[in-house]
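The primary structure of each chain is shown beneath.
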Amino acid sequence: MTPFDADIATPPRTLALADPFGRTIDYLRVSVTDRCDLRCVYCMSEKMRFLPKPEVLTIEELDRLCSAFIGLGTKKLRLTGGEPLVRRGFMALVERLSRHLRSGALRELTLTTNGTQLAQHAAELARLGVKRINVSLDSLNPAVFARLTRGGDLNRVLAGLDAASAAGLKVKLNTVALARENRAEIPALLQFAHRRGFDLTLIETMPMGEIDEDRTEQFVSLAEIKAELASIWTLNPAAHATGGPARYFRVEETGGLLGLITPLSEHFCETCNRVRVTCTGTLHACLGHDDATDLRAPLREHPSADAPLIAAIRRGIALKPERHDFRIGMGEAPAVARHMSTTGG
Ligand code: SAM
Ligand code: SF4
(Lines give C-alpha, C1' and ligand atoms only; values in the text may rest on other atoms or scores of the structure.)
(Ligands and ions follow the chains in the order given, each with its own letter.)
Protein backbone atom coordinates (compact mmCIF):
# COMPACT_ATOMS: atom_id res chain seq x y z
CA MET A 1 0.00 0.00 0.00
CA THR A 2 1.39 3.43 -0.95
CA PRO A 3 1.22 6.44 1.40
CA PHE A 4 -1.40 7.78 -1.02
CA ASP A 5 -3.52 4.70 -0.43
CA ALA A 6 -3.26 5.14 3.31
CA ASP A 7 -4.71 8.65 3.00
CA ILE A 8 -7.85 7.44 1.25
CA ALA A 9 -8.11 3.85 2.46
CA THR A 10 -10.76 4.69 5.04
CA PRO A 11 -12.73 7.62 3.67
CA PRO A 12 -14.12 9.86 6.42
CA ARG A 13 -17.83 9.38 7.04
CA THR A 14 -19.77 12.59 6.52
CA LEU A 15 -23.43 13.42 5.90
CA ALA A 16 -24.90 11.21 3.16
CA LEU A 17 -25.71 12.85 -0.15
CA ALA A 18 -29.26 13.99 -0.86
CA ASP A 19 -30.43 16.18 -3.73
CA PRO A 20 -32.75 19.24 -3.48
CA PHE A 21 -35.77 16.94 -3.99
CA GLY A 22 -34.89 14.71 -1.04
CA ARG A 23 -33.61 11.80 -3.13
CA THR A 24 -30.70 9.98 -1.48
CA ILE A 25 -27.81 9.67 -3.92
CA ASP A 26 -26.05 6.39 -3.26
CA TYR A 27 -25.31 5.10 -6.77
CA LEU A 28 -22.34 6.38 -8.75
CA ARG A 29 -21.46 5.57 -12.34
CA VAL A 30 -17.98 6.46 -13.44
CA SER A 31 -16.78 6.48 -17.01
CA VAL A 32 -13.13 5.46 -16.84
CA THR A 33 -12.37 6.23 -20.50
CA ASP A 34 -14.11 7.75 -23.51
CA ARG A 35 -12.33 5.29 -25.80
CA CYS A 36 -13.77 2.11 -27.18
CA ASP A 37 -12.81 -0.74 -29.47
CA LEU A 38 -16.27 -0.63 -31.10
CA ARG A 39 -18.20 2.20 -32.78
CA CYS A 40 -21.87 1.39 -32.18
CA VAL A 41 -23.93 3.39 -34.65
CA TYR A 42 -26.31 4.85 -32.02
CA CYS A 43 -23.47 5.75 -29.64
CA MET A 44 -20.58 7.15 -31.63
CA SER A 45 -19.85 8.61 -35.00
CA GLU A 46 -17.47 6.66 -37.20
CA LYS A 47 -14.60 9.09 -36.75
CA MET A 48 -14.65 9.97 -33.08
CA ARG A 49 -12.12 12.40 -31.66
CA PHE A 50 -11.02 11.11 -28.27
CA LEU A 51 -9.77 13.15 -25.34
CA PRO A 52 -6.07 13.91 -24.92
CA LYS A 53 -4.56 11.79 -22.13
CA PRO A 54 -3.70 14.64 -19.72
CA GLU A 55 -7.39 15.53 -19.52
CA VAL A 56 -8.36 12.04 -18.39
CA LEU A 57 -8.17 11.15 -14.70
CA THR A 58 -5.38 8.78 -13.76
CA ILE A 59 -6.14 5.46 -12.07
CA GLU A 60 -5.03 7.01 -8.74
CA GLU A 61 -7.34 10.01 -9.27
CA LEU A 62 -10.25 7.73 -10.19
CA ASP A 63 -9.65 5.72 -7.04
CA ARG A 64 -9.55 8.86 -4.89
CA LEU A 65 -12.68 10.25 -6.48
CA CYS A 66 -14.66 7.02 -6.10
CA SER A 67 -13.44 6.66 -2.52
CA ALA A 68 -14.63 10.19 -1.69
CA PHE A 69 -18.11 9.28 -2.97
CA ILE A 70 -18.03 6.07 -0.93
CA GLY A 71 -17.21 8.19 2.12
CA LEU A 72 -20.35 10.19 1.28
CA GLY A 73 -22.56 7.11 1.30
CA THR A 74 -22.24 5.67 -2.22
CA LYS A 75 -23.23 2.02 -1.91
CA LYS A 76 -23.20 0.98 -5.54
CA LEU A 77 -20.44 1.83 -7.97
CA ARG A 78 -20.63 1.05 -11.67
CA LEU A 79 -17.54 1.45 -13.83
CA THR A 80 -18.28 2.11 -17.46
CA GLY A 81 -17.03 4.07 -20.45
CA GLY A 82 -16.36 4.07 -23.39
CA GLU A 83 -15.22 0.54 -22.92
CA PRO A 84 -13.85 0.11 -19.38
CA LEU A 85 -11.85 -3.02 -20.22
CA VAL A 86 -9.75 -1.16 -22.83
CA ARG A 87 -8.58 1.37 -20.21
CA ARG A 88 -4.97 0.67 -19.24
CA GLY A 89 -4.79 -0.07 -15.52
CA PHE A 90 -8.50 -0.84 -15.28
CA MET A 91 -8.00 -4.09 -13.38
CA ALA A 92 -5.66 -2.30 -10.96
CA LEU A 93 -8.47 0.20 -10.32
CA VAL A 94 -10.92 -2.63 -9.61
CA GLU A 95 -8.36 -4.17 -7.29
CA ARG A 96 -7.92 -0.90 -5.38
CA LEU A 97 -11.66 -0.28 -5.12
CA SER A 98 -12.34 -3.82 -3.95
CA ARG A 99 -11.04 -2.79 -0.50
CA HIS A 100 -14.32 -0.92 -0.01
CA LEU A 101 -16.24 -4.15 -0.63
CA ARG A 102 -14.14 -5.94 1.96
CA SER A 103 -14.65 -3.12 4.50
CA GLY A 104 -18.42 -3.22 3.88
CA ALA A 105 -18.54 0.49 2.91
CA LEU A 106 -19.50 -0.45 -0.66
CA ARG A 107 -22.30 -2.93 -1.31
CA GLU A 108 -21.69 -3.50 -4.99
CA LEU A 109 -18.89 -2.92 -7.48
CA THR A 110 -19.92 -3.62 -11.03
CA LEU A 111 -19.26 -2.70 -14.63
CA THR A 112 -20.92 -2.25 -17.99
CA THR A 113 -18.91 -3.70 -20.85
CA ASN A 114 -19.26 -4.55 -24.51
CA GLY A 115 -17.78 -7.95 -23.66
CA THR A 116 -15.03 -8.02 -26.27
CA GLN A 117 -12.26 -8.35 -23.65
CA LEU A 118 -14.29 -10.20 -21.05
CA ALA A 119 -12.82 -13.64 -21.78
CA GLN A 120 -9.42 -12.42 -20.46
CA HIS A 121 -10.78 -10.68 -17.37
CA ALA A 122 -13.92 -12.44 -16.10
CA ALA A 123 -12.21 -14.74 -13.61
CA GLU A 124 -10.14 -11.91 -12.11
CA LEU A 125 -13.20 -9.65 -11.82
CA ALA A 126 -14.99 -12.40 -9.88
CA ARG A 127 -11.95 -12.90 -7.65
CA LEU A 128 -11.95 -9.19 -6.81
CA GLY A 129 -15.53 -9.29 -5.60
CA VAL A 130 -17.49 -8.27 -8.70
CA LYS A 131 -20.70 -10.30 -8.62
CA ARG A 132 -22.78 -8.96 -11.49
CA ILE A 133 -21.93 -7.33 -14.80
CA ASN A 134 -23.90 -5.78 -17.62
CA VAL A 135 -22.89 -6.81 -21.11
CA SER A 136 -24.21 -4.92 -24.12
CA LEU A 137 -25.35 -7.07 -27.01
CA ASP A 138 -27.64 -5.81 -29.75
CA SER A 139 -27.67 -8.75 -32.16
CA LEU A 140 -26.89 -12.46 -32.34
CA ASN A 141 -26.44 -12.26 -36.08
CA PRO A 142 -22.69 -11.84 -36.81
CA ALA A 143 -23.31 -9.63 -39.85
CA VAL A 144 -25.81 -7.37 -38.07
CA PHE A 145 -23.52 -7.20 -35.03
CA ALA A 146 -20.59 -6.20 -37.24
CA ARG A 147 -22.69 -3.53 -38.96
CA LEU A 148 -24.11 -2.12 -35.71
CA THR A 149 -20.72 -1.96 -34.02
CA ARG A 150 -18.90 -0.97 -37.24
CA GLY A 151 -16.60 -3.97 -37.36
CA GLY A 152 -17.09 -5.86 -34.08
CA ASP A 153 -16.68 -9.65 -33.86
CA LEU A 154 -19.69 -11.31 -32.22
CA ASN A 155 -17.64 -14.41 -31.36
CA ARG A 156 -15.46 -12.45 -28.97
CA VAL A 157 -18.51 -11.27 -27.02
CA LEU A 158 -19.93 -14.80 -26.95
CA ALA A 159 -16.59 -16.08 -25.61
CA GLY A 160 -16.71 -13.31 -23.00
CA LEU A 161 -20.19 -14.38 -21.93
CA ASP A 162 -19.02 -18.00 -21.58
CA ALA A 163 -16.09 -16.86 -19.43
CA ALA A 164 -18.37 -14.74 -17.26
CA SER A 165 -20.69 -17.70 -16.68
CA ALA A 166 -17.74 -19.99 -15.92
CA ALA A 167 -16.45 -17.44 -13.38
CA GLY A 168 -19.84 -17.35 -11.66
CA LEU A 169 -20.61 -13.74 -12.61
CA LYS A 170 -24.30 -12.90 -12.87
CA VAL A 171 -24.89 -11.36 -16.29
CA LYS A 172 -27.48 -8.91 -17.50
CA LEU A 173 -27.59 -8.30 -21.22
CA ASN A 174 -28.35 -4.76 -22.37
CA THR A 175 -29.91 -4.37 -25.78
CA VAL A 176 -30.69 -1.04 -27.41
CA ALA A 177 -33.92 -1.52 -29.38
CA LEU A 178 -33.50 -0.24 -32.92
CA ALA A 179 -36.41 0.00 -35.32
CA ARG A 180 -34.59 -1.27 -38.41
CA GLU A 181 -31.67 -3.29 -37.15
CA ASN A 182 -32.80 -5.58 -34.34
CA ARG A 183 -36.49 -5.15 -33.59
CA ALA A 184 -37.40 -8.49 -35.19
CA GLU A 185 -34.58 -10.22 -33.30
CA ILE A 186 -35.63 -9.19 -29.80
CA PRO A 187 -37.63 -12.36 -29.02
CA ALA A 188 -34.55 -14.42 -30.03
CA LEU A 189 -32.34 -12.28 -27.79
CA LEU A 190 -34.73 -12.83 -24.89
CA GLN A 191 -34.68 -16.59 -25.46
CA PHE A 192 -30.88 -16.61 -25.73
CA ALA A 193 -30.49 -14.62 -22.50
CA HIS A 194 -32.95 -16.59 -20.42
CA ARG A 195 -31.70 -19.99 -21.59
CA ARG A 196 -28.27 -19.04 -20.28
CA GLY A 197 -29.61 -17.68 -17.02
CA PHE A 198 -29.01 -14.02 -17.99
CA ASP A 199 -31.52 -11.24 -17.48
CA LEU A 200 -32.25 -9.02 -20.48
CA THR A 201 -32.80 -5.28 -20.37
CA LEU A 202 -34.03 -3.36 -23.38
CA ILE A 203 -33.13 0.32 -23.76
CA GLU A 204 -34.68 3.06 -25.88
CA THR A 205 -32.16 5.09 -27.91
CA MET A 206 -31.41 8.34 -26.17
CA PRO A 207 -30.59 11.58 -27.98
CA MET A 208 -27.03 11.96 -26.72
CA GLY A 209 -24.31 13.42 -28.87
CA GLU A 210 -24.22 13.85 -32.64
CA ILE A 211 -23.94 10.55 -34.52
CA ASP A 212 -23.81 9.94 -38.27
CA GLU A 213 -27.42 8.73 -38.48
CA ASP A 214 -30.88 10.12 -37.82
CA ARG A 215 -32.08 8.81 -34.45
CA THR A 216 -35.70 9.43 -35.42
CA GLU A 217 -35.45 6.49 -37.81
CA GLN A 218 -33.82 4.25 -35.22
CA PHE A 219 -36.18 4.99 -32.36
CA VAL A 220 -38.78 2.43 -31.40
CA SER A 221 -40.88 2.78 -28.26
CA LEU A 222 -40.47 -0.08 -25.80
CA ALA A 223 -44.22 0.08 -25.20
CA GLU A 224 -44.57 -1.41 -28.71
CA ILE A 225 -41.84 -4.01 -28.13
CA LYS A 226 -43.39 -4.98 -24.82
CA ALA A 227 -46.74 -5.55 -26.53
CA GLU A 228 -45.02 -7.76 -29.11
CA LEU A 229 -43.25 -9.80 -26.42
CA ALA A 230 -46.48 -10.07 -24.42
CA SER A 231 -48.11 -11.75 -27.43
CA ILE A 232 -45.50 -14.55 -27.14
CA TRP A 233 -44.85 -14.79 -23.40
CA THR A 234 -46.61 -13.96 -20.12
CA LEU A 235 -44.97 -10.88 -18.61
CA ASN A 236 -45.68 -10.46 -14.91
CA PRO A 237 -44.59 -7.18 -13.28
CA ALA A 238 -41.75 -8.01 -10.88
CA ALA A 239 -40.84 -6.16 -7.73
CA HIS A 240 -37.16 -6.74 -8.59
CA ALA A 241 -35.11 -3.58 -8.04
CA THR A 242 -31.40 -3.14 -8.79
CA GLY A 243 -31.14 0.53 -7.89
CA GLY A 244 -31.12 1.20 -11.64
CA PRO A 245 -33.74 2.77 -13.90
CA ALA A 246 -35.26 -0.41 -15.37
CA ARG A 247 -38.81 -1.63 -14.75
CA TYR A 248 -38.82 -5.41 -14.52
CA PHE A 249 -41.10 -8.20 -15.66
CA ARG A 250 -40.77 -11.90 -14.87
CA VAL A 251 -41.32 -13.95 -18.02
CA GLU A 252 -43.47 -16.79 -16.74
CA GLU A 253 -42.48 -19.38 -19.34
CA THR A 254 -38.68 -18.85 -19.07
CA GLY A 255 -38.44 -17.76 -15.44
CA GLY A 256 -36.05 -14.96 -16.49
CA LEU A 257 -36.30 -11.21 -15.98
CA LEU A 258 -37.00 -8.65 -18.68
CA GLY A 259 -36.09 -5.04 -17.87
CA LEU A 260 -37.30 -2.02 -19.80
CA ILE A 261 -35.45 1.29 -19.68
CA THR A 262 -37.78 3.87 -21.16
CA PRO A 263 -36.24 7.33 -20.76
CA LEU A 264 -38.39 8.68 -23.57
CA SER A 265 -41.76 6.98 -23.43
CA GLU A 266 -41.98 6.85 -19.62
CA HIS A 267 -39.45 8.59 -17.42
CA PHE A 268 -38.27 7.24 -14.08
CA CYS A 269 -36.88 10.38 -12.46
CA GLU A 270 -38.83 10.29 -9.19
CA THR A 271 -36.79 7.35 -7.93
CA CYS A 272 -33.44 8.46 -9.38
CA ASN A 273 -30.64 7.73 -6.90
CA ARG A 274 -27.61 8.13 -9.15
CA VAL A 275 -25.13 10.55 -10.57
CA ARG A 276 -22.37 10.17 -13.13
CA VAL A 277 -18.78 11.26 -13.40
CA THR A 278 -16.93 11.38 -16.72
CA CYS A 279 -13.36 10.24 -17.23
CA THR A 280 -12.28 13.89 -17.03
CA GLY A 281 -13.83 14.21 -13.58
CA THR A 282 -16.97 16.12 -14.54
CA LEU A 283 -19.96 15.35 -12.37
CA HIS A 284 -23.29 15.18 -14.19
CA ALA A 285 -26.16 14.98 -11.75
CA CYS A 286 -28.60 14.09 -14.56
CA LEU A 287 -28.01 12.08 -17.74
CA GLY A 288 -30.44 14.27 -19.66
CA HIS A 289 -29.23 17.75 -18.67
CA ASP A 290 -26.13 19.77 -19.40
CA ASP A 291 -25.46 20.48 -15.70
CA ALA A 292 -21.78 19.91 -14.96
CA THR A 293 -19.47 20.28 -11.97
CA ASP A 294 -15.72 20.03 -12.29
CA LEU A 295 -14.21 17.60 -9.77
CA ARG A 296 -10.83 17.37 -11.49
CA ALA A 297 -9.66 20.81 -10.36
CA PRO A 298 -10.18 20.12 -6.63
CA LEU A 299 -8.62 16.65 -7.12
CA ARG A 300 -5.51 18.02 -8.80
CA GLU A 301 -5.17 21.29 -6.88
CA HIS A 302 -5.43 19.55 -3.49
CA PRO A 303 -3.64 16.23 -3.90
CA SER A 304 -3.67 15.42 -0.19
CA ALA A 305 -6.87 17.05 1.09
CA ASP A 306 -10.33 15.78 0.16
CA ALA A 307 -12.38 18.62 1.69
CA PRO A 308 -12.44 20.76 -1.50
CA LEU A 309 -13.39 17.67 -3.54
CA ILE A 310 -16.21 16.81 -1.15
CA ALA A 311 -17.48 20.41 -1.23
CA ALA A 312 -17.51 20.29 -5.05
CA ILE A 313 -19.40 16.97 -5.02
CA ARG A 314 -22.03 18.51 -2.72
CA ARG A 315 -22.33 21.57 -5.00
CA GLY A 316 -22.84 19.27 -7.98
CA ILE A 317 -25.54 17.19 -6.27
CA ALA A 318 -27.36 20.41 -5.36
CA LEU A 319 -27.75 21.02 -9.12
CA LYS A 320 -29.63 17.76 -9.73
CA PRO A 321 -32.82 18.68 -11.59
CA GLU A 322 -36.16 17.12 -10.78
CA ARG A 323 -36.42 15.31 -14.12
CA HIS A 324 -34.96 15.00 -17.59
CA ASP A 325 -36.77 15.89 -20.76
CA PHE A 326 -35.66 13.84 -23.76
CA ARG A 327 -37.41 14.14 -27.09
CA ILE A 328 -36.57 12.57 -30.40
CA GLY A 329 -38.10 14.47 -33.29
CA MET A 330 -37.31 15.26 -36.87
CA GLY A 331 -34.40 17.65 -37.05
CA GLU A 332 -34.12 18.14 -33.28
CA ALA A 333 -30.63 18.51 -31.91
CA PRO A 334 -29.53 15.97 -29.28
CA ALA A 335 -30.91 16.83 -25.82
CA VAL A 336 -27.35 16.89 -24.55
CA ALA A 337 -24.24 17.41 -26.64
CA ARG A 338 -22.11 14.81 -24.91
CA HIS A 339 -22.09 11.21 -26.12
CA MET A 340 -23.18 8.32 -23.92
CA SER A 341 -19.59 7.07 -24.16
CA THR A 342 -18.41 10.27 -22.43
CA THR A 343 -20.96 10.21 -19.63
CA GLY A 344 -21.05 6.45 -19.24
CA GLY A 345 -24.13 4.27 -19.66
N1 SAM B 1 -18.90 0.11 -23.82
C2 SAM B 1 -19.71 -0.39 -22.78
C3 SAM B 1 -20.94 -1.05 -23.34
O4 SAM B 1 -21.25 -0.86 -24.52
O5 SAM B 1 -21.58 -1.76 -22.57
C6 SAM B 1 -20.09 0.61 -21.73
C7 SAM B 1 -20.45 1.99 -22.18
S8 SAM B 1 -21.91 2.12 -23.18
C9 SAM B 1 -21.97 3.86 -23.45
C10 SAM B 1 -23.17 1.77 -21.99
C11 SAM B 1 -24.52 1.47 -22.53
O12 SAM B 1 -25.04 2.62 -23.14
C13 SAM B 1 -24.56 0.36 -23.57
O14 SAM B 1 -25.51 -0.62 -23.18
C15 SAM B 1 -25.03 1.06 -24.82
O16 SAM B 1 -25.80 0.21 -25.61
C17 SAM B 1 -25.80 2.22 -24.25
N18 SAM B 1 -25.92 3.38 -25.14
C19 SAM B 1 -24.94 4.04 -25.80
N20 SAM B 1 -25.43 5.09 -26.50
C21 SAM B 1 -26.77 5.09 -26.27
C22 SAM B 1 -27.84 5.91 -26.71
N23 SAM B 1 -27.65 6.97 -27.48
N24 SAM B 1 -29.09 5.59 -26.28
C25 SAM B 1 -29.30 4.53 -25.45
N26 SAM B 1 -28.34 3.72 -25.00
C27 SAM B 1 -27.08 3.98 -25.41
FE1 SF4 C 1 -18.40 1.44 -27.38
FE2 SF4 C 1 -20.30 0.85 -25.62
FE3 SF4 C 1 -20.55 3.02 -27.19
FE4 SF4 C 1 -20.71 0.61 -28.29
S5 SF4 C 1 -22.12 1.47 -26.77
S6 SF4 C 1 -19.50 2.35 -29.06
S7 SF4 C 1 -19.35 -0.56 -27.08
S8 SF4 C 1 -19.05 2.72 -25.63
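Given the structure is predicted, the values throughout are model-derived calculations rather than measurements.

**Q** I'd love a proper account of the site of ligand 2, names of residues and values included.
**A** Around ligand 2 sit Cys-36, Leu-38, Arg-39, Cys-40, Cys-43, Met-44, Gly-82 and Asn-114, and those are all the residues in its vicinity. Of the residues belonging to the shell around ligand 2, the class tally is five nonpolar, two polar and one charged.

**Q** Please set out the side chain of Thr-116 residue by residue, giving values where relevant.
**A** The topology assignment puts Thr-116 in the loop between β3 (108-113) and α4 (118-127). Within polar-contact distance, the side chain of Thr-116 engages the side chain of Asp-37 at 2.5 Å. Aside from chain neighbours lying at most four places away, what touches Thr-116 is Asp-37, Leu-38, Arg-156 and Val-157.

**Q** Mind laying out the pairing of strand β4 (residues 132-136), listing which residues take part and the relevant values?
**A** Pairing analysis gives three bridges linking β3 to β4, with the strands arranged parallel. Residue Leu-111 lies in a different strand from β4, and its bridge partner there is Ile-133. Each parallel crossover has a hand, and the one from β3 via α4 to β4 is right-handed. Alignment of β4 against strand β5 (residues 170-177), held across five bridges, turns out to be parallel.

**Q** Can you break down the nonpolar core residue by residue, with the values?
**A** Counting residues in hydrophobic clusters, the biggest one holds 91 residues, and the most contacted among them are Phe-69, Leu-77, Leu-79 and Leu-173. Looking at which element gives the most residues to this core, the answer is helix α2 (residues 59-71), with seven residues. In this structure Phe-69 touches Leu-17, Leu-28, Thr-74, Val-275, Val-277, Leu-283, Leu-295 and Ile-313, once residues within four positions along its chain are discounted.

Rules used in this analysis
- Residues numbered from 1 in each chain as written.
- Chains lettered and ligands numbered in written order.
- Predicted model: local features only at pLDDT ≥ 70, side-chain atom pairs only at ≥ 80, totals over all residues.
- Heavy atoms only, no water.
- Near = heavy atom within 4 Å.
- Nonpolar A, V, L, I, M, F, W, Y, C, P; charged D, E, K, R; others polar.
- Helix = DSSP H or I, 4+ residues; strand = E, 2+ residues; numbered from the N terminus.
- Polar contact = N/O pair within 3.5 Å; in protein donor to acceptor, adjacent residues only side chain to side chain.
- Contact = heavy atoms within 4.5 Å.
- Pairing = 2+ DSSP bridges.
- Right-handed = clockwise from strand over helix to strand, strands pointing away.
- Core = buried A, V, L, I, M, F, W, Y, C linked by side-chain atoms within 4.5 Å.
- Buried < 20%, exposed > 50% of the residue type's maximum accessible area, 1.4 Å probe, protein only.

Distances and angles like these do not, on their own, reveal function.
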